[in-house]
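Observations on chain architecture
Here is how the chains run, residue by residue.
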Protein chains: 4
Amino acid sequence: MEQKLWFSSDYMEGAHPEILQRLFETNLAHTVGYGLDEYSEAARQKIAAAICREEACVRFISGGTQTNMVVISALLKPHEGVIAAATGHVNGHEAGAIEAGGHKVLALPGKEGKLDEKAVRDYVRGFYADENHEHIVHPGMVYVSQPTEYGTLYSVSELEALAAVCKDYGMRFYVDGARLAYALACPENDVTLKDLGRLTDAFYIGGTKCGALYGEALVFPAGKPAPWIDTFIKQRGAMLAKGRIAGIQFDALFTDGLYEKCGKNGIDQAAKIKEALKEKGYPLFLDSPTNQIFVVMENEALKRFAERVVYGFWERPDEDHTVIRLATSWATTDEDVAALIALL
Amino acid sequence: MEQKLWFSSDYMEGAHPEILQRLFETNLAHTVGYGLDEYSEAARQKIAAAICREEACVRFISGGTQTNMVVISALLKPHEGVIAAATGHVNGHEAGAIEAGGHKVLALPGKEGKLDEKAVRDYVRGFYADENHEHIVHPGMVYVSQPTEYGTLYSVSELEALAAVCKDYGMRFYVDGARLAYALACPENDVTLKDLGRLTDAFYIGGTKCGALYGEALVFPAGKPAPWIDTFIKQRGAMLAKGRIAGIQFDALFTDGLYEKCGKNGIDQAAKIKEALKEKGYPLFLDSPTNQIFVVMENEALKRFAERVVYGFWERPDEDHTVIRLATSWATTDEDVAALIALL
Amino acid sequence: MEQKLWFSSDYMEGAHPEILQRLFETNLAHTVGYGLDEYSEAARQKIAAAICREEACVRFISGGTQTNMVVISALLKPHEGVIAAATGHVNGHEAGAIEAGGHKVLALPGKEGKLDEKAVRDYVRGFYADENHEHIVHPGMVYVSQPTEYGTLYSVSELEALAAVCKDYGMRFYVDGARLAYALACPENDVTLKDLGRLTDAFYIGGTKCGALYGEALVFPAGKPAPWIDTFIKQRGAMLAKGRIAGIQFDALFTDGLYEKCGKNGIDQAAKIKEALKEKGYPLFLDSPTNQIFVVMENEALKRFAERVVYGFWERPDEDHTVIRLATSWATTDEDVAALIALL
Amino acid sequence: MEQKLWFSSDYMEGAHPEILQRLFETNLAHTVGYGLDEYSEAARQKIAAAICREEACVRFISGGTQTNMVVISALLKPHEGVIAAATGHVNGHEAGAIEAGGHKVLALPGKEGKLDEKAVRDYVRGFYADENHEHIVHPGMVYVSQPTEYGTLYSVSELEALAAVCKDYGMRFYVDGARLAYALACPENDVTLKDLGRLTDAFYIGGTKCGALYGEALVFPAGKPAPWIDTFIKQRGAMLAKGRIAGIQFDALFTDGLYEKCGKNGIDQAAKIKEALKEKGYPLFLDSPTNQIFVVMENEALKRFAERVVYGFWERPDEDHTVIRLATSWATTDEDVAALIALL
């Protein structure tokens, strides 16, 4: 039986071998727990350097939903909600985690996964103009993903505009970087880690989808957002006793350009696939520059394709077609990409 | 400079080498996410076999506080609270995680970390006898730790008695097994995994403190406690995209007796230390049969000891003495134990 | 100085004089507390009779937001959300009370304040068709207001259709009747209390806006929704020690047709105003058949109008116009209506 | 059939007739909603004057549990809990309302319902001395009741001592005054409203048990505790549309000494009963100086007593005795007290 080609997501394998190697090397060293160890501190310093904010507070959390819960609940006051694109991960794909923490997601229509500065500004201006706004959830934060859930990218000037609305109205600005490596490695991208350090109140650098066994690096560029942040992280079940395991992984990811390397492979492999799709005339659902490719396929062709390829279902635009997602990652091989292209 | 001897806790190193080895071997295999992979299923089957409950539902959660939050919130109705010993982890050392989930911890005085069946029964009987009990948090669950936070053990008959109170009053019974390996490996212990499968509504098999990089296996012996349990786990931020990483670790722990092996080393090394302490006349704060040793030390002696040993502070019984905790684990070496004993 | 004419809302005065009279008569009688008194039971029986459900459970809650919080949190499981029109009170005007209780409001576009059965069915069908729906908030309830926040009405067949979707997908159906008296008294209305008793899992009969000092009657037509409902009500701060005060008021409202009388005055006075507005050519923002009238006024005219009339601001459709709300109630007098019309 | 004598509680009747009278007089006046009306402002000013804090922020909430929920959640940060006597209302008789809001009640043993300054100080000092206190709920508030749930009183110096601990450790100080009228009217009492205004961060003046139909006046002596307090009150379901109804009642209570008068009647009638009990040799369970009397009765005698008297059950000290509670109030008549005494 032929092996399947796996392109359904970017979390289908273990970790980048250099990370595993590093876990091996450090395995029997003794450290204190709860992220107070020297590996976690080394990772923090490297991230702080990468974003040009020495004072940055960095905490390692096990996954993306948990990171979003923690940061949103920690930075919002009880009467505040978070503005997000309707397609934002916190709005539609976290099973209500934000609301379970007591906060409303104020969903605005986006475009290809992106929030528009004007739409945000209009919404917030309208909110404060409403005479009854004391009876309404206050907009306290703007949440965006970079890249977005559709693989699209914000430009620096777009992020600057959103940061400016936040500043004008006392809102915090938070960027979900679950797939940040693939944004950073993308030729179309002009947003650097330094920009995120300069423009946001918090953001996270995705590990799970970018080469780690698990873990996300939650960054507060200006330092601890509250003296009680660690007690809060503990309370929300997000503090790991063996905090070092995530610390070691991020230390490895931020050593010798490994994070960039992970991102680059995803982007390079995706580029080859996109080129082949275009050549062969497959319509793209939208033009994503990062590691997620959204292809419109005829249902009949998809049946044959599915015999060999594990893909992600996206949506059904009409009775005869299906939009599928193909994702590449740090782990995607030349062989698998070639085999995939041969099937098209 | 001499190296320190680390006896402060059981989460100071990485993972048992066989677990790391297994992560290496499986690293580039492709699987689906969210714990639906074949490694997680294999681990589930092995755990189900170990507890003699084929139908068991097993979920892998990143840490203990998170596991406690999830299971307590999932199994309690909104008006219910959880009975625990005042010294129980959920009452005092989780930064209010249970209350943040909306539930009161009904703390009863314990003895050496243990809840007494009679105390529980009296409390619950008194609750229902109170004419105003509709205005009071209802006892909906009994929580115990095996071993307890003081390293002590429940016997089978004690657990049976607690399970019986639960049955009599419609409460659920939940056992926190953060250090379960060390209970199972203890000569004084008569509680098997099968007993836990037979007596509890839920329990967890600790990984973080028993040899894994991270992760706890939450077990519902009778199967899914609710059809929505996975959505709930996702909502609480406790579902990992790369669920397989914990699955692989527990698969390894339940293969060829590795979990027992991890526990046994902790217990054997602790026994040697306890014997030496007794010989040299150190008073024990309490007689814990598992991998935590609570020693009363004179402050002056402790100062010298601290130059070489990393220990856990426990409490200050009077001005001249300190109770410290020494913990062993799967990773404790003969050499370190010998060096420690030489210092006594 | 001329007195102002108050048409801003339906909660600007005290209570219908017959209610106050009843409070006087019963004032020094002794009863037990917490709504277990005979007045509350009498009110329950009258409401049960009015909806033709002898078994109905009725609880009296102090206000509308609190009632919505209690019923939604009590009837939903943790992973469920409530479908509402985007303009629904729970979505936009309760400061996030539903989310503070842990549940997402699944807002769908409505039309003139109303949810469409087809839109709901499409949404829920789409939800279950999504392969990832275990990661998404489950639709567990449909919430509508009768009359709506725009004063519009559902017909019996529309409510039957919504109740049918709920039944098909295991959702609960809940009707917010903050202004129910004005719906019931409306000639265009064909939904009776009996229909609400037949079609819903819960609904509330508004008191605050329909003649009472305060209080809403929360009705579970099929009886107690859970054995613990009263403890839950207490936990959410919604159980009043002097429960009888609301009981007496609803007993009065459901004696000798007082609730109908309160509604009828609101509707009759609104009809006179609407007729006058049409005669004088004022455009209506929408055609509400109940006690709320939405008029488009030129800003200049509004300035003069505002010197005499207290109205509600609604929205600003363009730079030269304002939509205002005029509300009548049980307390609106012929004199005030005549004076208002004279100003038009 | 002889009528029963009602001494079970202080919320068995309606309102003091002067309050009802005031509701009558103001019934058809028009005002704005949500507590922004002139009656509520007048009440606020009178309360502010009574506590000698012109700047005081006062909000009227429907009941005691709701008030406690609102103020505790509003003043605590997420990681903080509230210290209370184990017998405190928030710990045992609010069905977990505080925990449902996410906060732990840190229960300390009390004496006759009272928290001891030394016990609080020791607890907080111990908390900060614990090296792991970042993993533990932080003490953020001290809650006491005046009078307590046992009818006992704090002296000014005791409250000053508690206020000092709060100041020393950055905790807020909150006094639950559900029965405050009876404390203020008590000859043994030396704590004035001015003292509460001087010493607390928040307290509430009970209405429900002290002569009002419903309602408690929540007082923040130093002014709004946060700019968002009203949105928060709305979010928790605690803002009443007809806010004026509570405002009018408190305006009446703070006019011409009505609140004092309500308290005095309760105290005077209780004094007569206590004297009679002592004369006739009934042992008191504890010596409460306010309007609650705790009597130890022989079960046989109690049976006969119960034929005529409605009392409150308190506890069963042994098989032959029962502790009952007799409560007086603003509504207790000379005739009923004489009849009760005749029965002893």
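This write-up is about the structure you can find in this document. (Residues numbered from 1 in each chain as written. Chains lettered and ligands numbered in written order. Predicted model: local features only at pLDDT ≥ 70, side-chain atom pairs only at ≥ 80, totals over all residues. Heavy atoms only, no water.)

1. Side note on the relation of the copies chain A and chain D
Rules: A least-squares superposition brings the copies together, and it is based on the C-alpha atoms of residues with pLDDT no lower than 70 in both. Between two residues, a contact is recorded if the distance between any of their heavy atoms is within 4.5 Å.
For the match of chain A to chain D, the screw axis carries a shift of 0.0 Å, the RMSD comes to 0.0 Å, and the turn is 180°. Those values place the two copies in the arrangement expected of a two-fold rotation axis. Of the residues that chain A buries at the interface, 100% are likewise interface residues in chain D, meaning the two copies contact each other through the same surface.

2. Here's the deal with the sheet that holds strand S13 (residues 321–327) of chain B
Residues and elements named next belong to chain B. Filter applied, for reference: For two strands to pair, DSSP has to find at least two bridges joining them. Here a helix means four or more residues in a row that DSSP labels H or I, a strand means two or more in a row labelled E, and each is numbered from the N terminus. Where helices are involved, their axes are fitted lines through C-alpha atoms of the stretch in contact, as for all axes, and angles between N-to-C directions lie from 0 to 180°.
Taken in spatial order, the four strands of this open sheet run S9-S10-S13-S12, and their pairing is antiparallel. Sheet topology places strand S9 (284–286) and strand S12 (312–318) at the edges, where each strand pairs with a single neighbour. Between one strand axis and the next, the sheet turns by 35° as a mean value, whatever way the strands run. In the sheet, S12 pairs with S13 via four bridges, with the strands oriented antiparallel. Across the sheet, the residue bridging to Phe313 is Ile324, located in S13. Its contacts with the sheet put helix H13 (residues 299–308) on strand S10 (292–298) and S13, and the angle it makes with S10 is roughly 120°.

3. Examining the environment of Asp251 of chain A
Residue and element names in this part refer to chain A. Formally: Exposure classes here rest on a 1.4 Å probe applied to the protein chains alone. A residue is buried below 20% of its type maximum, exposed above 50%, and partly exposed in between.
In this fold, Asp251 is placed in helix H11 (residues 244–253). Given a relative accessible area of 6%, Asp251 falls into the buried group. Considering only alpha carbons, one finds Asp251 and Ser73, 178 residues apart in sequence, at a separation of 27 Å. Discounting chain neighbours no more than four positions away, the residues touching Asp251 are Arg22, Tyr39, Ala42, Ala43 and Lys46.

4. Some remarks on the pattern of salt bridges
Cut-off, in case you're wondering: Salt-bridge detection follows one rule: a side-chain nitrogen of Lys or Arg within 4 Å of a carboxyl oxygen of Asp or Glu.
Evaluation of the coordinates by the stated rule reveals 80 salt bridges over all chains. Asp268 of chain B is paired through a salt bridge with Lys264 of chain B; the nearest N and O atoms lie 2.6 Å apart. Residue Asp268 of chain B and its partner Lys264 of chain B are both found in helix H12 (residues 258–279); the two are separated by four residues, about one turn of the helix. What makes Asp268 of chain B partly exposed here is its relative accessible area of 35%. Asp122 of chain D is the salt-bridge partner of Arg125 of chain D, the closest N and O atoms lying 3.5 Å from each other. One end of the pair, Arg125 of chain D, and the other, Asp122 of chain D, are both in helix H6 (residues 117–129), three residues apart, so they sit about a helical turn from each other. The class of Arg125 of chain D is partly exposed, set by a relative accessible area of 45%. A relative accessible area of 34% places Asp122 of chain D in the partly exposed class. Salt bridges sharing common partners tie together Arg59, Lys224 and Asp230 of chain A.

5. Remarks on the pairing of strand S7 (residues 202–206) of chain A
All names here are of chain A. The buried count for S7 comes to five of five residues, which makes it a mostly enclosed element. Side chains Ala202, Tyr204 and Gly206 project from S7 onto one buried face, and the interleaved Phe203 and Ile205 project onto a second face that is buried too. One ladder, built from four bridges, connects strand S6 (residues 172–177) with S7; its direction is parallel. The partner of Tyr174 across the bridge, within S7, is Ala202.

6. Comments concerning the pairing of S6 of chain A
Residues and elements named next belong to chain A. Test applied: The definition of a right-handed crossover adopted here requires that, viewed with the strands pointing away, the path from the first strand over the helix to the second runs clockwise.
Here S6 lies mainly inside the structure; six of its six residues are buried. Here S6 shows a buried face lined by Arg172, Tyr174 and Asp176 and a second buried face lined by Phe173, Val175 and Gly177. Summarising the sheet, strand S5 (residues 138–145) and S6 pair through five bridges and their orientation is parallel. Looking across to S6, one finds that Ser145 is bridged to Asp176. Regarding topology, helix H7 (residues 156–168) serves as the crossover connection from S5 to the parallel S6, and that connection is right-handed.

7. Remarks on the side chain of Arg172 of chain B
Position of Arg172 of chain B among the secondary structure elements: in strand S6 (residues 172–177). In this structure Arg172 of chain B touches Leu75, Leu76, Lys77, Glu80, Gly140, Met141, Val142, Cys166 and Asp201 of chain B, once residues within four positions along its chain are discounted.

8. Section: the interface of chain B and chain A
Put simply, the rule reads: Once two parts are put together, the accessible area they lose, assessed with a 1.4 Å probe and summed over both, is termed the buried area. In protein, a polar contact requires one atom able to donate a hydrogen and another able to accept it; more generally it is a pair of N or O atoms within 3.5 Å, and residues adjacent in sequence count only if both atoms are side-chain atoms. Gly is placed with the polar residues, together with every amino acid not listed as nonpolar (Ala, Val, Leu, Ile, Met, Phe, Trp, Tyr, Cys and Pro) or charged (Asp, Glu, Lys and Arg).
Of the residues lining the interface, 48 residues belong to chain B; the matching set on chain A comes to 48 residues. Counting the surface lost from both chain B and chain A, the interface buries some 4100 Å², and carbon and sulfur atoms represent 62% of this. Counting the surface chain B buries against chain A, the share from its top three residues, Tyr11, His30 and Lys242 of chain B, is 17%. Along the contact surface separating chain B from chain A lie zero salt bridges. Counting across the chain B and chain A interface gives 22 residue pairs in polar contact (both at pLDDT 80 or more). Those elements that provide at least two residues to the side of chain B that touches chain A are helix H1 (17–26), helix H3 (64–75), helix H5 (97–100), helix H10 (229–235) and helix H11 (244–253) of chain B. Of all the elements, H1 of chain B adds the most residues to the side of chain B that touches chain A, at five residues. Residues belonging to the side of chain B that touches chain A are distributed by class as follows: 23 nonpolar, 18 polar and seven charged.

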